[in-house]
Amino acid sequence: MLFLSIQPFLDIKYFYQPPLLNVLPFAIPTIVRIIGIGILFLATFVTLMKNKERLFLIGYGVVVTAYTALHLYNATKFSSVSPTSFGYSVTSEIFYLIRLILPILMVVIAYKIKLSDYKFEKNHYNLEFFLISGSIVFSNLFKLGISSYSDVTITYNIFEWFNNPNMDYYYAATRGWFNFANAISGVLALIGPIVIYFLLTKRNAKNGLSFVLYFLASVMIGTKSAIYSLIIVLAGMFVLYLFTSLIQNKMQFSKSNFAFLSLALIAVIAIMPFSPSSSRESMDGQQVINRESMRSVKDLSFEAYDRAMTEAQTPDEKQKIKLNFIGEKYPLYSIIPQLITHSLPYEQDPDFWIDVMNHNRTGYYDNRQMEQLMLKRVKSTNNKSLDNWFGITYSRMSNIYVLERDFLAQYYTIGILGLMVFILPLVFLVIFGGLRILKHFHRLFNLKNASITFGLGMIFFISLYSGNILDFLIDTLILAFVLGYWLKDLNCQLNKEKRTPNFDYCANL
């Protein structure tokens, strides 16, 4: 439990920037997590597992080893326009694959250990109440937190959102002191339904304060993924509560619970127009208007470029015209400097950027589209079918730009086979548990099981919507812990009713 409780601390921003980042070859939190999971898994493997289970995990280890060897072999046969192969490193790639396997090991650990509802609830509070939500709320109220959209310190707290119509969202949304706003949003989306479940079934000051902190933290992060997930969680739990209390009659309907959920939904909808996410949407809308107003200027600029290319006599002259045009005019076509100068430098692939600029004369590629376009370009330049199965490596993608769309990002980094080995087992286990609840609907469908299932589904929804979840251990380790506990608890609930040989063990949990 202690190891899980320190996960938010290990995600503090300062561990991932100098000087702490340079203390060891890799980030200190990742090394701590690898050692911690390794020790816990080894103890579980030796003391708590049956021989069949050990053989299954050994077989899985063989599959992981075979995939790793083929993935690394494919990575060495790579052609690109980059003289450094986009910073590919065998050591970094192996380290990344080790990170990917940690959540699988955590599921096994959480499934095999003895964990009571009381310990699960206690650990949940240590994790959510004190470390995540509490720190975000504190950092917002005293204007000490890091912006959700950049690395600056915020200058507006939540009270100042309502009387500053020209508020810059960069300085109003906060992730506390954590590394990535999306990663923390994923954790909150996972534990949000569980927070509400505890409050609905055990109303006390601690549970009430826990919900208030969760609610405020989700709002204060100030991103669309955070506030939309809060609305979805509240609405979903409202429906689940009505179903389990009025239709199933598995819990007593309470007018105060009904009023609480209704008021919470009304409150977040009322706050939403003043949130940084709404400010960003307004600013994005203004940028669309500005781009449209510059359309004629962009057309004239491209016409001048076309004339110059037509008049050029040699390939060298044409190349010089391309490079000069891109270097001088790319801001006019709404291209972020980092993408064109660092991620995929225009000097190395000018034709790609000419095509992008030509498209942006009348249309517009947003950041996520640009990220995917660059990865697709790098992949097509290599032009190997094996990349579909083994990916182009995480170390290359991270040096180009981390795609903010999970599953698709992992498709580019580890390929289809990598997804099947490392990522999809977590998804399949959630689906398996959900189907088991449906199969034994009358026995297993209750507010507790439904809220955990809902939370597990929400974190995958956030990963699809905003990315930066499945490659972040603060998300995947907590996800894996909840998943392992949930699967074990479903077994125990069935064993208690059937009085199977495992009944005594489950009753002692």
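Data block above holds the structure.
Residues numbered from 1 in each chain as written. Predicted model: local features only at pLDDT ≥ 70, side-chain atom pairs only at ≥ 80, totals over all residues. Heavy atoms only, no water.

Enquirer: Explanation requested: the environment of Lys112 in the structure shown.
Expert: Along the chain, Lys112 falls in helix 5 (residues 90–112). On the basis of relative accessible area, Lys112 is assigned to the buried category, the value being 15%. In this structure the C-alpha to C-alpha distance between Lys112 and Asn179, which are 67 residues apart in sequence, comes to 31 Å. (Helix = DSSP H or I, 4+ residues; strand = E, 2+ residues; numbered from the N terminus. Buried < 20%, exposed > 50% of the residue type's maximum accessible area, 1.4 Å probe, protein only.)

Enquirer: What's the story with unusual backbone geometry in this structure? I'm lost.
Expert: Among all residues save glycine, negative phi is the norm, and among peptide bonds the norm is trans. For the bond running from Pro18 to Pro19, omega is 5°, close enough to zero to count as cis. Locating Pro19 in the fold gives a position in the loop between helix 2 (7–10) and helix 3 (28–47). In this structure, Ser85 takes a positive phi of about 55° despite not being glycine. For Ser85, the location among the structural elements is in the loop between helix 4 (51–76) and helix 5.

Enquirer: Even after reading the chapter, I still don't get the environment of Leu429, so can you show me in this structure?
Expert: Assignment of secondary structure puts Leu429 in helix 19 (residues 408–439). The exposure class of Leu429 is partly exposed, given its relative accessible area of 28%. Taking the C-alpha atoms as reference, Leu429 lies 26 Å from Ala181; in sequence the two are 248 residues apart. If sequence neighbours within four positions are ignored, Leu429 has contacts with Val107, Leu483, Trp486 and Leu487. (Contact = heavy atoms within 4.5 Å.)

Enquirer: What's the story with the packing of helix 4 against helix 5 in this structure? I'm lost.
Expert: A pair of packed helices is captured by two measures, namely the crossing angle of their axes and the spacing between those axes. Running from amino to carboxyl end, helix 4 crosses helix 5 at an angle of 165°, the nearest separation of the two axes being 11 Å. Here helix 5 runs roughly antiparallel to helix 4, going by the angle between their axes. The way helix 4 lies across helix 5 gives a crossing that is right-handed. Contacts between helix 4 and helix 5 involve Glu53, Leu57, Tyr60, Val64, Tyr67, Thr68, His71 and Leu72 on the former and, on the latter, Glu93, Ile94, Leu97, Ile101, Ile104, Val108 and Lys112. Grouping the amino acids of the contact of helix 4 with helix 5 by side-chain chemistry returns ten nonpolar, two polar and three charged. (Axes fitted to C-alpha atoms, helices over the stretch in contact; angles between N-to-C directions. Parallel < 35°, antiparallel > 145°, perpendicular 65-115°, else oblique. Left-handed = near helix turned anticlockwise from the far one by under 90°. Nonpolar A, V, L, I, M, F, W, Y, C, P; charged D, E, K, R; others polar.)

Enquirer: What should I look at first to understand the pattern of salt bridges in this one?
Expert: Pairing between side chains of opposite charge can happen when their charged atoms approach one another. Under the criterion given, the structure shown has eight salt bridges. A salt bridge links Asp151 to Arg175; the shortest N-O distance between them is 2.7 Å. Pair noted here: Asp151 is in the loop between helix 6 (117–141) and helix 7 (181–201) and Arg175 is in the loop between helix 6 and helix 7, with a separation of 24 residues, a long-range link. For Arg175, a relative accessible area of 4% corresponds to the buried category. The salt bridge involving Lys448 is made with Asp489; its shortest N-O contact spans 2.8 Å. Of the two residues, Lys448 sits in helix 21 (residues 447–466) while Asp489 sits in helix 22 (residues 473–498), which places them 41 residues apart along the sequence. Judged on exposure class, the residue Lys448 and its partner Asp489 are both buried. (Salt bridge = Lys/Arg side-chain N within 4 Å of Asp/Glu carboxyl O.)

Enquirer: Got a minute to help me understand a nonpolar patch on the surface in this structure?
Expert: On the surface, a nonpolar cluster with roughly 510 Å² of combined accessible area is contributed by Phe138, Leu141, Phe142, Leu144 and Phe159. Topologically, Phe159 is positioned in the loop between helix 6 and helix 7. (Patch = residues over 30% accessible without salt bridge, like charges linked within 9 Å, V, L, I, M, F, W, Y side chains within 5 Å. Areas by Shrake-Rupley, 256 points an atom, 1.4 Å probe, with all protein chains shown as cover.)

Enquirer: Any chance you could explain the nonpolar core here in plain terms?
Expert: General note: in soluble globular proteins, nonpolar side chains tend to be found buried as a group. If you look at the biggest cluster of nonpolar residues, it comprises 141 residues, and the most contacted ones within it are Ile196, Phe211, Leu234, Trp353, Phe422, Leu456 and Phe460. Among the elements that line this core, the one with the most residues is helix 7, at 15 residues. Beyond its immediate stretch of four places on either side in the chain, Phe422 contacts Tyr60, Val64, Tyr67, Leu97, Leu100, Ile101, Ile104 and Ile414. (Core = buried A, V, L, I, M, F, W, Y, C linked by side-chain atoms within 4.5 Å.)

Enquirer: Mind showing me how you'd approach the packing of aromatic side chains here?
Expert: Centre distance and the angle of the planes are the two values used to describe a pair of aromatic rings. Enumeration according to the criterion identifies 32 aromatic pairs in this entry. For the ring pair Tyr149 and Tyr169, a centre distance of 4.8 Å and an interplane angle of 80° mean the geometry is edge-to-face. Here Tyr149 is found in the loop between helix 6 and helix 7, whereas its partner Tyr169 is found in the loop between helix 6 and helix 7, with 20 residues between them in sequence. There is no split in this pair, since Tyr149 and Tyr169 are both buried. Judged by centre distance (6.2 Å) and plane angle (70°), the ring pair of Phe243 and Phe441 falls under edge-to-face. With a gap of 198 residues between them, Phe243 in helix 9 (residues 224–247) and Phe441 in helix 20 (residues 441–444) connect regions that are remote in the sequence. (Phe/Tyr/Trp six-rings, centres within 6.5 Å; stacked < 30°, edge-to-face > 60°.)

Enquirer: Please clarify how helix 3 should be interpreted in this entry.
Expert: Side chains that are three or four residues apart share a direction in an α-helix, a result of its 3.6 residues per turn. The end-to-end C-alpha distance of helix 3 is 29 Å, a good match for the 28 Å that 20 residues give at a rise of 1.5 Å each. Buried residues of helix 3: Pro29, Thr30, Arg33, Gly36, Ile37, Phe41, Thr44 and Phe45, and no others. Each buried residue of helix 3 lies within a common arc of 160° when the element is viewed along its axis, so the set occupies one face. Counted as exposed and oriented over 90 degrees from the buried face of helix 3: Ile39, Leu42, Val46 and Thr47. (Expected span 1.5 Å × (residues − 1). Arc of directions from axis to C-beta.)

Enquirer: Would you mind going over the packing of helix 5 against helix 19 with me for this structure?
Expert: One can describe the packing of helix 5 onto helix 19 by two numbers: an axis separation of 9 Å at closest approach and a directional angle of 10°. Here helix 19 runs roughly parallel to helix 5, going by the angle between their axes. Contact with helix 5, carried on its side by Glu93, Tyr96, Leu97, Leu100, Ile101, Pro103, Ile104 and Val107, involves Gln410, Thr413, Ile414, Phe422, Ile423, Pro425, Leu426 and Leu429 of helix 19 and no other residues of that element. Grouping the constituent residues of the contact of helix 5 with helix 19 by class yields 13 nonpolar, two polar and one charged.

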